[in-house]
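# Coordinate inspection notes
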Amino acid sequence: MIEVRNLSKSFGTVEVLQDINATFAKGKVNQIIGKSGSGKSVLAKCIVGLYVPTKGQVFYDGRSFHEMAKEEKRQLRQEIGMLFQSSALFDSLTVMENVMFPLKMFATKSEREMRDRALFCLKRVKIEGKGNKYPAEISGGMQKRVGIARAIAMNPKYLFVDEPNSGLDPQTSIVIDELIQEITVEYDTTTIVITHDMNSVMGIADEIFFIHNKKLWWQGTRPELLNSGNKELNDFIFAGSLMREVQKAMKSG
Amino acid sequence: MALLFHIGRYFMLMAEVFSKPERLSIYWKRTLEEMDLLGIKSLGIVSLLSLFMGAVITIQTKTNIDSPLIPQYVVGFTVRQSTILEFSPTIISLILAGKVGSTIAAEIGSMRVREQIDALDIMGVNSAGYLILPKIIATALINPFLIIISMFLSIFGGWLAGTLTGIISSADYIAGIQYDFDPYIITYALIKTVVFAVIIATVSAYQGYYTIGGTREVGISSTKAVVYSDVVILIMNYLLTQLLLL
């Protein structure tokens, strides 16, 4: 479980987040949604410690991240897996080497055991045949899968996923979404997904956090989302043509 | 204020770079790779420049001191002194700042804008140490070898130009390069080389590491890496010369 308490973040004089309070449950897909530039990625970066919040704290299973010593933070980060928007795979390493990377840096296993673990992770994301390819030689969807394989290599307790569907076709998006959901259940991770893709939200979100006007504007589950009665939230979720059709259908019973 | 900010941030980055590595074996493997990329792959340009610079110094010296009062061996002496004292350690380092510095800044800058450095940080890897320390060690170890090769080739280039054009005899040239030789100038040149190598690696890595934006900014960081490395090398060259030779 991850708790965010009274978190604010400013860049110079520009305030991006204001007094955010949220609890992200274990074994659930927690999705943070909001318009582009609403600060959802900044919130995720504050939670993982890439940004230092101007105010407030983040707790990982009761442990305050910002009060941890440097070494404790490094230890905690080995429990975090993250899939980046750009996949952030290392270009000079093959797919297999990318997945083995965190194991080589931290795990006390033999080369054979590390290779077996990496192969298991690649099989889990159904991309085991691409181990010898370089990231530039595989598609965007495959790169996301490799990113997920790398993120789960160390058996993470916490999984962060930033815009998993960006640049992907709808079918591949569904595959990636399902993979995130399956891994969350399988590894019992506290999963936080940053997205503005409503298909993804309607597909896999267990708990939804809507960031608007620097604040946590609304929080609820999928069934509550469509009937929230919240104007700003409705403006956001029903902006797409597909969701507008859903809205029309709901209104006409 | 901006200068103080950058100097402060540079030293804070260096503190991160020199903190305890996660896996020494991985750092060492990366150092060997960097020695190949940043050092061995620069051998061609260093050799070519050195040969021609030695040749040009010989011809320039001969045409400018063509007097019966000045002995012929002065040509060889001048080539040796200018090569060892300044040309090889300083000019070659300035050229390496252009080649190696821009490579370092572009590589690290690209990793920054493509979130690969964030990925390292989130894994708990000391990204500054993992990316920068092997480059510093690699350049500090390999550049002295490059400079020694440069010294030999420059002096050889001078001999080649002098004897092929017939402006100086081989015996006079060799007498010149042996005349009044003080081995300390080699030590002086190598100390400068190591300092310049560290400047190239760290200033360029600093520029790349703090790149913000996209591909355009990576290009800007590469340019800044070369310019600032050159400026710092020139300042340090003056200070080291005063410190070591006076």
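Quick caveat, the model's predicted, so the values are computed rather than measured. (Residues numbered from 1 in each chain as written. Chains lettered and ligands numbered in written order. Predicted model: local features only at pLDDT ≥ 70, side-chain atom pairs only at ≥ 80, totals over all residues. Heavy atoms only, no water.)

## Let's talk about the overall build of chain B
Applied cut-off: Each helix is a run of H or I in the DSSP string that is no shorter than four residues. Each strand is a run of E no shorter than two, and both are numbered from the N terminus. Partly exposed describes any residue whose relative accessible area lies between the buried limit of under 20% and the exposed limit of over 50%, with all areas from a 1.4 Å probe on protein chains only and scaled to the type maximum. Areas reported as accessible are Shrake-Rupley estimates using a 1.4 Å probe. Residue values count occlusion only from the protein chains shown.
Each helix and strand counted, chain B has 9 helices and 0 strands in total. Reading chain B from its N end, one meets helices and strands in the order α-α-α-α-α-α-α-α-α. Along the first, second and third principal axes, the C-alpha atoms of chain B reach 70 × 40 × 35 Å. In chain B, buried positions account for 48% of the 246 residues. As presented, chain B carries roughly 11400 Å² of accessible surface, and 73% of it is formed by carbon and sulfur atoms.

## Description of the packing of aromatic side chains
Applicable threshold: A pair of Phe, Tyr and Trp rings is counted when the ring centres sit within 6.5 Å of each other, with Trp represented by its six-membered ring. The angle between the planes then sorts it: under 30 degrees is stacked, over 60 is edge-to-face, the rest tilted. We count a charge as sitting over a ring when the NZ of a lysine or the CZ of an arginine lies within 6 Å of the ring centre and within 35 degrees of the ring normal.
As enumerated under the stated definition, the model contains 15 aromatic pairs over all chains in all. Here the aromatic rings of F24(A) and F209(A) are separated by 4.6 Å at their centres, their planes lie at 50°, and the arrangement is tilted. Taken together, the positions of F24(A) in strand β2 (residues 14-24) and F209(A) in strand β9 (residues 207-212) put the pair 185 residues apart, joining distant regions of the chain. A residue is classified by how much of its surface remains accessible, and F209(A), at 1% relative accessible area, is buried. Between F156(B) and W159(B) the ring centres are 5.8 Å apart and the planes differ by 25°, which places this aromatic pair in the stacked class. Residue F156(B) and its partner W159(B) are located together in helix α6 (residues 127-165), separated by 3 residues, close to a single helical turn. For W159(B), a relative accessible area of 28% translates into the label partly exposed. The structure contains a cluster of three or more aromatic residues connected by ring pairs, namely Y10(B), F11(B), Y206(B), Y209(B) and Y210(B). The ring centre of Y130(B) lies 4.4 Å from the NZ or CZ of R30(B), which sits over that ring. Positioned above the aromatic ring of Y209(B), the side-chain terminus of R112(B) is 4.7 Å from the ring centre.

## Some details on the packing of helix α4 (residues 111-124) of chain A against helix α6 (residues 170-187) of chain A
Residues and elements named next belong to chain A. Here is the rule we go by: Note on geometry: axes are lines fitted to C-alpha atoms, helical ones only across the stretch in contact, with angles between N-to-C directions running from 0 to 180 degrees. Each angle is binned into one of four classes, with values under 35 degrees roughly parallel, values over 145 roughly antiparallel, values of 65 to 115 roughly perpendicular, and all other values oblique. Any two residues having at least one pair of non-hydrogen atoms within 4.5 Å are treated as being in contact. Each residue is assigned to one of three groups, with Ala, Val, Leu, Ile, Met, Phe, Trp, Tyr, Cys and Pro labelled nonpolar, Asp, Glu, Lys and Arg labelled charged, and all others, Gly among them, labelled polar.
Where α4 meets α6, the closest approach of the two axes is 12 Å, and the angle between their N-to-C directions is 130°. One element, α4, and the other, α6, form an angle in the oblique class. Here α4 contributes R117, F120 and R124 to the contact with α6, which in turn contributes L179, E182, E186 and Y187. Here the contact of α4 with α6 is built from residues that sort into 3 nonpolar, no polar and 4 charged.

## Remarks on the interface of chain B and chain A
What counts is decided by this rule: Buried area: the sum, over both parts, of the accessible surface (1.4 Å probe) that disappears when the two are put together. Only one rule defines a salt bridge in this text: a Lys or Arg side-chain nitrogen within 4 Å of an Asp or Glu carboxyl oxygen. Here a polar contact means two N or O atoms within 3.5 Å. Within protein one must be a hydrogen donor candidate and the other an acceptor candidate, and residues neighboring in sequence count only if both atoms are side-chain atoms.
With 20 residues of chain B at the contact, the number on the chain A side is 26 residues. Of the roughly 2000 Å² buried between chain B and chain A on both sides combined, carbon and sulfur atoms contribute 59%. Taken together, chain B and chain A are joined by 3 salt bridges. Between K70(A) and E16(B) there is a salt bridge; the shortest N-O distance is 2.6 Å. The interface formed by chain B and chain A contains 7 residue pairs in polar contact (both at pLDDT 80 or more). Elements that contribute at least two residues to the side of chain B that touches chain A include exactly α2 (24-39) and α5 (116-123) of chain B.

## A look at the domain arrangement of chain A
All names here are of chain A. Quick reminder of the rule: All domain edges in this entry derive from an automatic or database-based domain assignment.
Here chain A is partitioned into domain 1 (1-79 + 158-222) and domain 2 (90-155). Each of domain 1 and domain 2 has a C-alpha centre, and these two points are 24 Å apart. For the pair domain 1 and domain 2, the summed buried surface comes to about 1200 Å²; carbon and sulfur atoms form 66% of the total. Applying the counting rule to domain 1 against domain 2 returns 2 salt bridges. Note that R124 and E182 form a salt bridge whose closest N and O atoms lie 3.0 Å from each other. In this assembly, domain 1 and domain 2 are joined by 3 residue pairs in polar contact (both at pLDDT 80 or more). Ranked by residues supplied to the side of domain 1 that touches domain 2, first place goes to α6 with 9 residues. When grouped by side-chain class, the residues that make up the side of domain 1 that touches domain 2 number 9 nonpolar, 3 polar and 3 charged.

## Comments concerning empty space enclosed by the protein
To find leftover empty space, a probe the size of one water molecule is rolled over the atoms. Residues and elements named next belong to chain B. What counts, and what does not: Points on a 1 Å grid over protein atoms alone make up a cavity when a 1.4 Å probe fits among them but cannot get out, and a pocket when they form an open set with protein on both sides within 12 Å along at least five of seven lines; lining residues each have an atom within 4 Å of a point. Grid points are joined across faces, edges and corners, and a volume is the space filled by probe spheres set on the points.
Considering all chains together, one arrives at 2 cavities of 30 Å³ or more under this definition. Residue composition of the lining of the largest cavity, by class: 9 nonpolar, 2 polar and 2 charged. Here the second largest cavity defines a volume of roughly 30 Å³. If you trace the second largest cavity, you find it lined by K62, I65, S67, I70, P71, Q72 and V75.

## Some points on the sheet that holds strand β4 (residues 55-60) of chain A
All names here are of chain A. Using the following cut-off: A pair of strands is considered paired only if DSSP assigns at least 2 bridges between the two.
Overall, antiparallel pairing links the 4 strands, which are arranged β2-β1-β4-β5 in an open sheet. Edge strands, defined here as strands with exactly one partner in the open sheet, are β2 and β5 (63-64). As judged from the 7 bridges shared by strand β1 (residues 2-11) and β2, these two strands associate in the antiparallel manner. From the neighbouring strand, F11 faces β2, where its bridge partner is V14. The sheet contacts of helix α1 (residues 40-48) involve β1, β2 and β4, and relative to β1 the element is tilted by about 115°.

## Things to note about the pattern of salt bridges
Counted under the stated rule, the structure contains 22 salt bridges over all chains. In this structure, K157(A) engages E79(A) in a salt bridge whose closest nitrogen and oxygen atoms are separated by 4.0 Å. Here K157(A) is found in the loop between α5 (140-152) and β7 (158-162), whereas its partner E79(A) is found in the loop between α2 (70-77) and β6 (80-83), with 78 residues between them in sequence. Residue classification places E79(A) among the partly exposed residues on the basis of a relative accessible area of 22%. Residues K41(B) and D36(B) are paired through a salt bridge, measuring 3.2 Å at the closest nitrogen-oxygen approach. Accessibility expressed as a relative area gives 33% for D36(B), which makes it partly exposed.

## Things to note about the pairing of β4(A)
All names here are of chain A. Here β1 runs beside β4; their pairing, made up of 5 bridges, is antiparallel. Within β4, the position partnered with V4 by the bridge is V58. Taken together, the 2 bridges between β4 and β5 define a ladder with antiparallel strand orientation. Residue pairing in the sheet places Y60 in a bridge with R63 of β5. As consecutive antiparallel partners, β4 and β5 are separated by 2 residues, and within that stretch D61 has a phi angle of approximately 45°, a positive value.

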